Each structure stands twice: as C-alpha cells, then as structure tokens.
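Breakdown of the fold
Letter by letter, the chains look like this.
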Amino acid sequence: RFDAAVGEMMAELSSAGLLENTLIVFTADNGMDFPRGYPNVYDYGTRMFMAVRWGAEIKGARTVTDFVNLIDLAPTFLEAAGVAPPPEMTGRSLLSILRAGSSGRIERHRDRVFTARERHAWARRGGLGYPMRALRTEEFLYIRNFEPDRFPAGDPDFAHPTQGIYGDIDRCATKSYLYEHRHDPAMVGLFNLAFAKRPAEELYDLQADPEQMRNVAEQVAYAVARRKLAQELTTHLRATGDPRARGELAPWDVYPYHAPYRATLE
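The following refers to the structure shown. What you are looking at is a predicted structure, and each value in this text was computed from that prediction instead of being measured. (Residues numbered from 1 in each chain as written. Predicted model: local features only at pLDDT ≥ 70, side-chain atom pairs only at ≥ 80, totals over all residues. Heavy atoms only, no water.)

It is worth spelling out the layout of surface pockets at this point. Volume-wise, the second largest pocket comes out at about 250 Å³. If you trace the second largest pocket, you find 15 residues lining it, with Pro35, Arg36, Tyr44, Leu190 and Met213 closest to the centre. Elements with a minimum of two residues in the lining of the second largest pocket: α5 (173-180) and α6 (188-195). Element by element, the count of residues in the lining of the second largest pocket is highest for α6, at three residues. A per-class count over the lining of the second largest pocket returns 10 nonpolar, three polar and two charged. (1 Å grid on protein atoms, 1.4 Å probe; cavity = no way out; pocket = protein on both sides within 12 Å on 5 of 7 lines; lining within 4 Å. Points joined across faces, edges and corners; volume = space filled by probe spheres on them. Helix = DSSP H or I, 4+ residues; strand = E, 2+ residues; numbered from the N terminus. Nonpolar A, V, L, I, M, F, W, Y, C, P; charged D, E, K, R; others polar.)

Next comes the structure, spelled out in structure tokens:
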C-alpha cells in the first residue's frame, strides 16, 4: 500500500512536469509501535527509514550512514529553495550530504545523535511519564533513565482507555502475546525487557548486540566506554538546558494532557 501511494504521488508530479525539480523525502515520524519500540529510545523506537530523490540534483542508488535528525529537514528545504535558514533553527541542512555523490559517512562530525523521551500516553497515575535520554554512536547506545522506579510501559495495574494495560505500548499482537505468556519460562525474559523496571543506566554494544537486548552497563569491560558516554550525554544535556540533567523541576509531568479520554482518568 505504501509503495502504491508513493507511485501515485510520483506519477502526479510527473504528469505536472515537476518530478525532476522536486526534492522528495520519504520518512516517518517515529519508530515501530512494538514492545521496546516507540516511544522508547532504543533503535526500534527512534531509527527511521529515509529515502531522498531530487532529479539530477543528487545522485541516487547510494546509502549514506551519517547521523541525521528530522529537524534537519526544514533547513534543507529552505536551502534548496535558496532561502537562508533563520538562526534559531537548530537543525543542519542535509544538502551537502545529498550532493556529495558518494556512499558511507560523508560528514565526519555527524557521528552521533541524541534522543529523548518524556510523556507518551496517560499510562501512570497522575499522568507521569518515563523520562529517558540517550546518546547513539556507531559503536554504542547509552541510555539514562531518570526515574528507574517507574514502569517504562506504564503502571501494571492502570489500564489506558484505548491501549489497555501497559498503555505506553500501543495495542499490537506482540504486546498481547508477551502479556498473555508473561509467566511462561520461555517468555519471561522478553516480557521483562519490555515491561519490567529498568536500571538508571543502560549500555548496548551495537557490534555484538545490534538488537540491544543485553545491557552491559555494569560489566567491567565496558566501564571506560560507559563513563565516557555518560559524561558526553551529561555535557550535552546541560549545554542545551535540560532540567533533568540540571537537577531542576522538570515540567513535562505536569503539562496539561489533552485527549478525549482524559476526563475518565481523574
């Protein structure tokens, strides 16, 4: 269905004579709605496809591995249109990458990305979220959970009106299967990865564990890497004014939450 929709849009541009002079970007707004996917900061929650086409302006049939962010799209579109991005934009244009003509890493400084999570669904009493911050490099994913005493998928005795129990994971067959088989010895480990409380720090070796299933934050062999990534994440969060890292009152847990079912949760 997605491919068919893309084909229809491309055909429409072609019939209007605009296909070769249109910068086309296909991507998504979040990762997969599965356990340990969206809204978590593991790759299944934050990593998305991105395909770009712009006629003769950029060379196709190549794969670029630079770390980019969706906030980079707005300055990219402005630059492509000959408009200077305003200084308050924090994204960085991708045009130099798109026009480079080669595969692999194009800009060496694009070697990491920072991601964050606060409140997703109303899945805990009082509307509390599950604050996470992460630093993703080619080698590691380092995560800091600021409220490890909370359940990452929602309180186990609090049902979301549309998503059911553990409402921070959207309804899906995988979620249902794990929950229904949560006492099965073969499933209990997988259930805990998605639903149980997590430690304050998580570290994943992406070469040995690309699916991010084995937290090595407490292993001596990774102590140096953990300290380095932890400091780099802290430095970034403080530089960007993140109240979680500065020990200040974080406002996200008390922001008004607007949803049709909100009144039923008081």
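Hydrogen bonds between backbone groups are what pair the strands of a sheet, and the pairing can be parallel or antiparallel. Spatial ordering of the open sheet is given by β3-β4-β5-β8, a layout of four strands whose pairing is antiparallel. Looking along the sheet, the strands with just one partner apiece sit at the ends: β3 (112-117) and β8 (201-205). Taken over all neighbouring pairs, the strand axes of this sheet differ in orientation by 15° on average, direction set aside. Across six bridges, β3 lies against strand β4 (residues 132-137) in antiparallel orientation. Counterpart to Arg112 in the pairing with β4 is Thr137. (Pairing = 2+ DSSP bridges. Axes fitted to C-alpha atoms, helices over the stretch in contact; angles between N-to-C directions.)

This paragraph deals with the environment of Gly101. Residue placement: Gly101 occurs in the loop between α4 (95-98) and β3. Among the residues examined, Gly101 registers a relative accessible area of 25% and is labelled partly exposed. Between the C-alpha atom of Gly101 and that of Thr65, which follows or precedes it by 36 residues, the distance is 13 Å. Other than its neighbours up to four places away in sequence, Gly101 contacts Lys59 and Arg62. (Buried < 20%, exposed > 50% of the residue type's maximum accessible area, 1.4 Å probe, protein only. Contact = heavy atoms within 4.5 Å.)

Peptide bonds are, in most cases, trans, and in most cases residues other than glycine have a negative phi. Of the consecutive residues Tyr38 and Pro39, the connecting peptide bond is found in the cis state with omega at 10°. Counting through the fold element by element, Pro39 comes out in the loop between β1 (24-26) and α2 (43-46). Even without being a glycine, Tyr166 presents a positive backbone phi close to 55°. Here Tyr166 shows up in the loop between β7 (164-165) and α5. Note on Tyr166: relative accessible area 7%, which makes it buried.

So, on to the nonpolar core. Among the nonpolar cores identified, the biggest contains 13 residues, and Phe140, Tyr142, Leu203, Tyr222, Leu229 and Leu233 are the most heavily contacted of them. For this core, the elements supplying multiple residues, two or more each, are β5 (140-145) and α7 (223-239). Looking at which element gives the most residues to this core, the answer is α7, with five residues. Residues Val41, Met132, Ala134 and Leu141 belong to the second largest nonpolar core, which totals nine residues. (Core = buried A, V, L, I, M, F, W, Y, C linked by side-chain atoms within 4.5 Å.)

Taken as a whole, this structure holds eight aromatic pairs when the rule is applied. Taking the centre distance of 6.1 Å and the plane angle of 75° together, the rings of Tyr166 and Phe191 count as edge-to-face. A residue pair is termed long-range when its members are at least 10 positions apart, and Tyr166 in the loop between β7 and α5 and Phe191 in helix α6 qualify at 25 residues. A single burial state applies to Tyr166 and to Phe191, both of which are buried. For the pair Tyr166 and Phe195, a centre-to-centre distance of 4.7 Å together with 55° between the ring planes defines the contact as tilted. In this pair, Tyr166 is assigned in the loop between β7 and α5 and Phe195 in helix α6, connecting sequence segments 29 residues apart. Neither residue differs from the other here; Tyr166 and Phe195 are each classed as buried. One aromatic cluster in this structure is built from Tyr166, Tyr179, Phe191 and Phe195. A cation sits over an aromatic face here: Arg36 above Tyr42, 4.0 Å from the ring centre. (Phe/Tyr/Trp six-rings, centres within 6.5 Å; stacked < 30°, edge-to-face > 60°. Lys NZ or Arg CZ within 6 Å of the ring centre and 35° of its normal.)

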